[in-house]
Amino acid sequence: MARKIQIFDTTLRDGEQSPGASMNTAEKLEITRQLLRLNVDVIEAGFPVSSPGDFASVQAIAREVGDNATVVGLTRAVHKDIDSAGECLKVAKYPRIQTGIGVSPSHMRDKLRITEEQCLERAVDAVKYAKRYTSDVQFYCEDAGRSEYEFLAKVVQAVIEAGATVVNIPDTTGYSLPDEYGRRIKYLMEHVRGIENVTVSVHCHNDLGMATALSLAGVANGATQLECTINGLGERAGNTALEEVVMGIKMHGEELDAYTDINTKEIMRASRLVSNITGFVVAPNKSIVGANAFAHSSGIHQDGVIKERSTYEIIDPAEVGAGKSEIVLSARSGRAALKMRLDLLGYHFEGADLDRMYDKFLLLADKKKEVYDEDLESLVGEDSRGQEALYTLKSVQISCGDPLIPTATVTLLDANGVEHVACSVGTGPVDAVYKAVNQIVDVENDLTEFAVQSVTRGIDALGEVSIRVTDADGEVFTGRGADSDIIVSSTKAYLHALNRLLRAATSKER
Ligand code: KIV
Ligand code: ZN
């Protein structure tokens with residue numbers, strides 16, 4: 001039977017210790033509700049003795065949680081801390097006091113200035129004292145990751161005998177290697193009497209970017225509680241990220257002989273909520289919850305994912321509430337990705353038509369980082385306009401500015417593929433371009449309307465120009481053109497309108 005791994009979330013305590021991540025009670029309650037949707041087992045709500053505000057918010061969280069999870073208050077191995085947490089947690093249905101002390105040579109010698117014997121004494125005393133308030137007492141061996149194996153085992157043995165129900169073995173400074181941390185947990189499992197009757201908890205920090213690996217090594221070697229935060233929020237480089245360890249256990253449950261009760265479909269929502277509240281932006285390449293975690297950009301990967309999602313995706317994005325895999329269209333995309341996206345938009349291109357669209361797409365993708373659906377709509381619109389064109393744009397070049405005189409050189413191809421070049425000055429760059437076009441397409445017209453709008457997002461967005469021209473008989477023709485350069489869009493829009501006007505004139509003559 002696989003082991004149930006308890007998920008102990010400390011976003012509201014260790015996560016909040018992140019410089020700049022402090023939250024008010026209302027925000028903490030919103031996160032608490034989301035943690036309950038995720039179905040975490042334990043919520044560390046705060047450090048009650050640290051301030052009246054923290055005391056009040058731990059109580060508010062405990063009330064909100066009710067009987068849906070255990071609520072933990074942190075303390076040092078100090079009576080006044082424990083009194084405060086004990087008082088505070090009276091409103092909790094399942095209260096747990098977490099108390100502890102530094103057990104590494106560095107912490108005992110340089111921070112606490114105590115001997116090993118004094119450390120042991122304070123540890124045992126703190127556990128016994130906390131037991132006055134609740135039967136559920138968790139003991140943390142601070143900086144266990146850098147402690148001596150034998151002394152660590154001695155402390156763990158002593159606190160279990162004093163009544164601790166959970167022993168927490170933190171790698172407080174994120175110093176360990178996964179193998180070594182795993183060995184440390186195994187050593188405790190093998191050398192501490194009665195350890196099988198308590199919960200062994202892992203609490204790792206990400207200073208070397210290994211918090212997830214460390215935590216899973218701990219689970220592989222016997223730990224059955226895992227402490228973590230949403231998005232890996234926490235002191236310095238952060239804590240173990242909940243989303244990573246939960247999905248790690250889900251993907252490798254058999255090897256780890258473990259499972260969690262987390263409702264993984266709530267992961268993305270939790271990530272966004274914590275990011276919005278704290279203002280800590282999630283990196284696009286962050287595992288599981290980053291914006292690019294399920295986005296595929298290279299042509300080879302896109303081709304694989306289109307054929308079978310699992311070729312390049314180990315997790316179905318829907319499983320973590322992240323919607324669908326995303327095919328990002330860029331200059332690295334192949335025909336398969338373009339065709340799939342066009343098909344989804346309702347445009348079906350095959351053979352030579354698809355080749356033509358792909359060439360146009362690449363021209364656009366070379367100018368833009370990412371090609372969006374709206375860009376494709378414009379491309380398709382322009383393609384259909386191009387099919388009926390008498391004149392097409394080969395190139396347009398302008399020079400303008402202050403104090404330059406706006407000047408344009410335009411090269412057009414007629415229906416027979418013959419090149420026509422014209423040059424003009426104007427009151428502005430668009431005026432100069434239109435005058436140059438008029439020298440080639442010699443047809444009477446009056447420009448009555450001109451509008452530009454951005455089609456897509458970002459600085460490299462497509463600008464779409466819509467215009468209206470009137471012919472000698474007062475008939476109105478509209479034209480549209482889109483490009484990341486609005487002078488090019490303006491030229492395309494004008495040619496589109498003139499081509500329509502010319503076609504209408506030809507059919508009238510017939
Ligand atoms: O990192 C750590 O050691 C801690 C303890 C207080 C549990 O956060
Ligand atoms: Zn910590």
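**Some words on the packing of aromatic side chains**
Point 1. The tally for this structure, following the rule as stated, stands at four aromatic pairs.
Point 2. Measuring from ring centre to ring centre gives 6.5 Å for Tyr 129 and Tyr 133, while their planes differ by 70 degrees; the resulting arrangement is edge-to-face.
Point 3. Here the aromatic rings of Tyr 358 and Phe 361 are separated by 5.9 Å at their centres, their planes lie at 25 degrees, and the arrangement is stacked. Taken as a pair, Tyr 358 and Phe 361 lie in helix α14 (residues 351–367) at a separation of three residues, close to a single helical turn.
Point 4. Taking the relative accessible area as the measure of exposure, Tyr 358 reaches 10% and is therefore buried.
Point 5. Here Phe 361 falls in the buried class, since its relative accessible area comes to 0%.

**Brief notes about the sheet that holds strand β14 (residues 407–414)**
Point 1. The antiparallel open sheet is built from three strands, whose spatial order is β13-β14-β15. Looking at the sheet topology across the chains shown, the edges are occupied by β13 (391–399) and β15 (419–425). Each strand axis lies, on average, 15 degrees off the axis of its neighbour in the sheet, ignoring direction.
Point 2. Relative to β14, β13 is paired through eight bridges, and the arrangement is antiparallel. Looking at the pairing, Leu 393 lines up with Leu 412 of β14.
Point 3. The strands that helix α16 (residues 429–440) touches are β13, β14 and β15; relative to β15, the one it contacts most, it runs at about 140 degrees.

**A closer look at the layout of surface pockets**
Point 1. Approximately 720 Å³ is the volume attributed to the largest pocket.
Point 2. Together, 28 residues line the largest pocket, and Lys 360, Glu 382, Thr 392, Leu 393 and Lys 492 are the ones closest to its centre.
Point 3. Residue assignment for the lining of the largest pocket shows that the elements contributing at least two residues are α14, α15 (373–387), β13, β18 (476–483) and α17 (486–509).
Point 4. Taken together, 15 residues make up the lining of the second largest pocket; nearest its centre are Ser 325, Glu 326, Ile 327, Arg 341 and Leu 344.
Point 5. Where the lining of the second largest pocket is concerned, the elements lending two or more residues are β12 (326–327), α13 (335–344) and α15.
Point 6. Partitioned by chemical class, the residues of the lining of the second largest pocket number seven nonpolar, one polar and seven charged.

Criteria and thresholds
Residues numbered from 1 in each chain as written. Chains lettered and ligands numbered in written order. Predicted model: local features only at pLDDT ≥ 70, side-chain atom pairs only at ≥ 80, totals over all residues. Heavy atoms only, no water. Phe/Tyr/Trp six-rings, centres within 6.5 Å; stacked < 30°, edge-to-face > 60°. Helix = DSSP H or I, 4+ residues; strand = E, 2+ residues; numbered from the N terminus. Buried < 20%, exposed > 50% of the residue type's maximum accessible area, 1.4 Å probe, protein only. Pairing = 2+ DSSP bridges. Axes fitted to C-alpha atoms, helices over the stretch in contact; angles between N-to-C directions. Contact = heavy atoms within 4.5 Å. 1 Å grid on protein atoms, 1.4 Å probe; cavity = no way out; pocket = protein on both sides within 12 Å on 5 of 7 lines; lining within 4 Å. Points joined across faces, edges and corners; volume = space filled by probe spheres on them. Nonpolar A, V, L, I, M, F, W, Y, C, P; charged D, E, K, R; others polar.

Read these as geometric descriptors, not functional statements.
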